[in-house]
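# Notes for the structure review
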Amino acid sequence: MNIALWLDRTAAVMGARPALMHGTRVVADYATFARRAAGLAAALAARGVAPGDRVGVFAKNLPDYLTCLFGIWRAGAAAVPVNAKLHTKEAAWILADAGAVLCFVSAELAPETDLPCVPLASTEFDALCATDPADAVAREAGDLAWLFYTSGTTGKPKGVQITHAMLAATSLCYPVDVDPVTEADAALYAAPMSHGAGLYALIHVRMGAAHLVPASGGFDAEEVLDLSAAQGSASMFMAPTMVRRLTDAARASGGRGEGIRTIVYGGGPMYRADIEEAVGWFGPKFVQIYGQGECPMAITALSRAEVADRTHPRWAERLASVGRAQSLVEVAIGDATGRPLPPGETGEIMVRGAPVMPGYWRNPEATAKTLKDGWLMTGDVGRLDAEGYLSLADRSKDVIISGGTNIYPREVEEVLLTHPAVHEVSVVGRPSPEWGEEVVAFVVAAPGARIDPAALDAHCLAQMARFKRPKDYVPVPDLPRNNYGKVLKTELRDRLRRDTP
Ligand code: AMP
């Protein structure tokens, strides 16, 4: 089934409901949204875009981002959403790798490419949407719908093939495992629509909810708080750093997140102190998910109650986990050869099920390394408990092996973050002739504080095994991050290698 049909079905019975909003302004009801997407699909076909072709979207968040996605799918083509924060050269590399035939762009973005580009929010785009519509092109479950480029914290990004069936699977997990959706709700796009936030649009279309795109097109904590208050029942996806900024902004203004129904957080480690503070301030509005492009948004979830219920005897343990398997996947822990291990053992997290990718785009070597015996090897290290709660230790390549013992940087980071002088921290391994690797912490001081290695050392010694504590503390003004806000540990390791005589 072509996933674009979800829009037609909603429009058929809820045509007058507000669909696309820019700030507080309704720019299209469902009937208009569906008609424009269908017109765009016909215009693409008229321009020679054939079923299976790839069409880029290099744009900041805009209401017509969704018109593009549904128009592309309806034409039987696959969308290639490119993060608007990427350099124009990086965007051009992705579009070339995907073999895109056309690209939609927002006004200020122009990939360095010869591809035909169509600006969104333009008379040209509106003219395309006004084309006489045709029926949706039929699609099989395994046909490509979305080429999702990984964030590439190491090496060049890879194109994850997301099929129509995967989109349906990950969308249907949302109301079951994350949060129910009705037409009274609104999806607020605080995070880039080229990533998980955009995937969450589908279930909200299916259920007839509104789509609220902040006028700034980016993440501004005050704007998100104001828009939610004006709209009501708003749900959104946020990376952990965004949750931190939202909490700080709300504390400053005294607001308690009025109008926010749910904040789904994930995409990177959420530190205990941050989520406890966020729930303490906003109340039970948070659900955690763990996923990766290769199984988008759909590996595990930690429910609203599990995040918020402090009275549960194992609340703290669960809060430190990423929850339990979502409905359509099996999650297992494997040893070095990929053989499943019993509960309690630490190893590589493996996943199989309907939302898992069939492979990377035109990259059989990377696919063979990642899909083994039907399992997706996530590259994340973790442990399952007897009840099925999954705890994430680290990316396997980030684990530090010192004196033959594994040290999980996240554990050390969690301890250091409880020290009042520490604002942010990232722990990596430095080559050591004596130990193989030794632990080094890059530390961003809290405002007005100073990094005192002796004090941090004492703090670590009081809370964890001696061998895990950093041998060095490197003060830094900030941590290097990629465009999705993930800390680039590779850069920190390179820096240590360069600085080590
Ligand atoms: P991406 O494919 O760019 O979305 O990155 C996925 C990676 O982000 C995963 O493999 C994990 O390493 C990390 N990640 C995703 N969700 C979580 C989470 N809830 N907690 C910790 N790390 C996460």
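Numbers given to residues run from 1 along each chain, matching the order in which its sequence is written. Side-chain atom pairs in this predicted model are given and counted only at pLDDT of 80 or more, local residue features only at pLDDT of at least 70, and totals for whole chains, interfaces and linings cover all residues. Think of the side-chain values as coming from all heavy atoms in the structure, minus any hydrogens and water.

## Re the overall build of the protein
Secondary structure assignment for the protein yields 17 helices and 25 strands. In terms of principal-axis extent, the alpha carbons of the protein reach across some 70 × 50 × 45 Å. For the protein, the proportion of its 501 residues judged to be buried stands at 56%. In what follows, residue pairs with any heavy atoms lying within 4.5 Å of each other are defined as contacts. Taking as baseline every contact in the protein between residues at least 6 positions apart, the subset at least 24 positions apart corresponds to 67%. Note on areas: Shrake-Rupley with a 1.4 Å probe; residue coverage comes only from the protein chains shown. Of the roughly 20,000 Å² that the protein leaves accessible, carbon and sulfur atoms contribute 53%. By the criteria applied, helices consist of DSSP H or I runs no shorter than four residues and strands consist of E runs no shorter than two, each listed in order from the N terminus. Exposed residues in this analysis have more than 50% of their type's maximum accessible area, buried residues have under 20%, and partly exposed residues fall in between, with area computed by a 1.4 Å probe over protein chains only.

## Things to note about unusual backbone geometry
Excluding glycine, a negative phi dihedral is what most residues carry, and trans is how most peptide bonds are arranged. You will see that methionine 297, though not glycine, has its phi angle at about 60°, which is positive. Among the secondary structure elements, methionine 297 is positioned in strand E14 (residues 295-302). Given the relative accessible area of 10%, methionine 297 is considered buried. Unusually for a residue other than glycine, aspartate 373 sits at a positive phi of about 50°. As for its placement among the helices and strands, aspartate 373 is situated in the loop between strand E18 (371-372) and strand E19 (375-384).

## Some points on the site of the ligand
What surrounds the ligand is a group of 17 residues, the closest being Ile289, Gln292, Gly293, Asp380 and Arg395. In protein, a polar contact means a hydrogen-donor-capable atom and an acceptor-capable atom, both N or O and within 3.5 Å, with residues adjacent in sequence counting only if both atoms are side-chain atoms; elsewhere, any N or O pair within 3.5 Å suffices. Glycine 293 has a polar backbone atom sitting 2.9 Å from an oxygen atom of the ligand. Lysine 486 places a side-chain nitrogen or oxygen 2.9 Å from an oxygen atom of the ligand. Put simply, the parts of the chain that give the shell around the ligand at least two residues each are strand E13 (286-292) and strand E20 (390-395). In terms of residue count, E13 provides more of the shell around the ligand than any other element does, five residues in total. The nonpolar class holds Ala, Val, Leu, Ile, Met, Phe, Trp, Tyr, Cys and Pro. Asp, Glu, Lys and Arg form the charged class, and all remaining residues, Gly among them, are polar. Here the shell around the ligand is composed, by residue class, of five nonpolar, nine polar and three charged. Near residues are defined by distance, with any heavy atom within 4 Å of the molecule or strand qualifying the residue.

## A closer look at the packing of helix H1 (residues 5-14) against helix H2 (residues 30-46)
H2 packs onto H1 with a crossing angle of 145° between their chain directions and a minimal axis gap of 8 Å. For the pair H1 and H2, the crossing hand works out as left-handed. Contacts between H1 and H2 involve Leu7, Thr10, Ala11 and Met14 on the former and, on the latter, Tyr30, Ala31, Phe33, Ala34 and Ala37. Its residues placed into classes, the contact of H1 with H2 shows eight nonpolar, one polar and no charged. Axes here refer to lines fitted to C-alpha atoms; in helices the fit is confined to the stretch in contact. Angles between the N-to-C directions go from 0 to 180 degrees. Helix crossings are classified by the rotation of the near helix relative to the far one: an anticlockwise turn of less than a right angle makes the crossing left-handed, while a clockwise turn makes it right-handed.

## Notes on the sheet that holds strand E24 (residues 436-445)
Being paired, for any two strands, means DSSP has found at least two bridges between them. The strand order across the open sheet built from three strands is E23-E24-E25, with neighbouring strands paired in mixed fashion. Only two strands of the sheet have a single neighbouring strand rather than two, namely strand E23 (422-432) and strand E25 (472-475). Sheet twist, expressed as the average angle between the axes of neighbouring strands with direction ignored, equals 30°. Bridge count between E23 and E24: 10 bridges; the pairing is antiparallel. Within the sheet, the bridge partner assigned to glutamate 424 lies in E24 and is valine 444. With respect to the sheet, helix H15 (residues 409-417) is in contact with E23, E24 and E25, its orientation differing from that of E23 by roughly 145°. Here helix H17 (residues 489-499) sits on the sheet in contact with E23, E24 and E25, set at roughly 55° to E23.

## Focus: the sheet that holds E14
Taken in spatial order, the nine strands make up an open sheet running E2-E1-E10-E9-E11-E12-E13-E14-E15, and their pairing is mixed. With one partner strand each, in any of the chains shown, strand E2 (25-29) and strand E15 (324-325) form the two edges of the open sheet.

## Side note on the side chain of histidine 419
Residue position: histidine 419 is located in the loop between H15 and E23. Discounting chain neighbours no more than four positions away, the residues touching histidine 419 are Ala455, Leu456 and His459.

## Quick look at the side chain of glutamate 294
With respect to the element layout, glutamate 294 can be found in the loop between E13 and E14. The side chain of glutamate 294 sits in the buried core without any salt bridge; lysine 158 is the nearest counter-charge, 5.7 Å away. Engagement of the side chain of glutamate 294 in a polar contact is seen with the side chain of tyrosine 360, the distance being 2.6 Å. With residues near it in sequence (within four places) discarded, glutamate 294 still touches Thr150, Val160, Met166, Pro355, Val356, Met357, Tyr360 and Leu376. Within this scheme the basic residues Lys and Arg register as positive and the acidic residues Asp and Glu register as negative, but His and the chain ends are omitted. Salt bridge criterion: a side-chain nitrogen from Lys or Arg within 4 Å of a carboxyl oxygen from Asp or Glu.

## Focus on the environment of arginine 469
Looking at the secondary structure, you find arginine 469 in the loop between helix H16 (453-461) and E25. Relative accessible area serves as the criterion here: at 17%, arginine 469 is assigned to the buried category. Each C-alpha atom, one on arginine 469 and one on leucine 456, is 9.3 Å from the other, the two residues being 13 residues apart in sequence. Dropping the residues within four chain positions of it, arginine 469 is found in contact with Val439, Asp457, Cys460, Leu461 and Met464. Polar contacts involving the side chain of arginine 469 include one to the side chain of aspartate 457, which spans 3.0 Å.

## Observations regarding helix H10 (residues 240-253)
A helix's residues, less one, multiplied by 1.5 Å, set its expected span. With 14 residues, H10 extends 20 Å between its outermost C-alpha atoms, agreeing within 8% with the 20 Å of an ideal straight helix rising 1.5 Å per residue. Within H10, the full set of buried residues consists of Pro240, Met242, Val243, Leu246, Thr247, Ala249 and Ala250.

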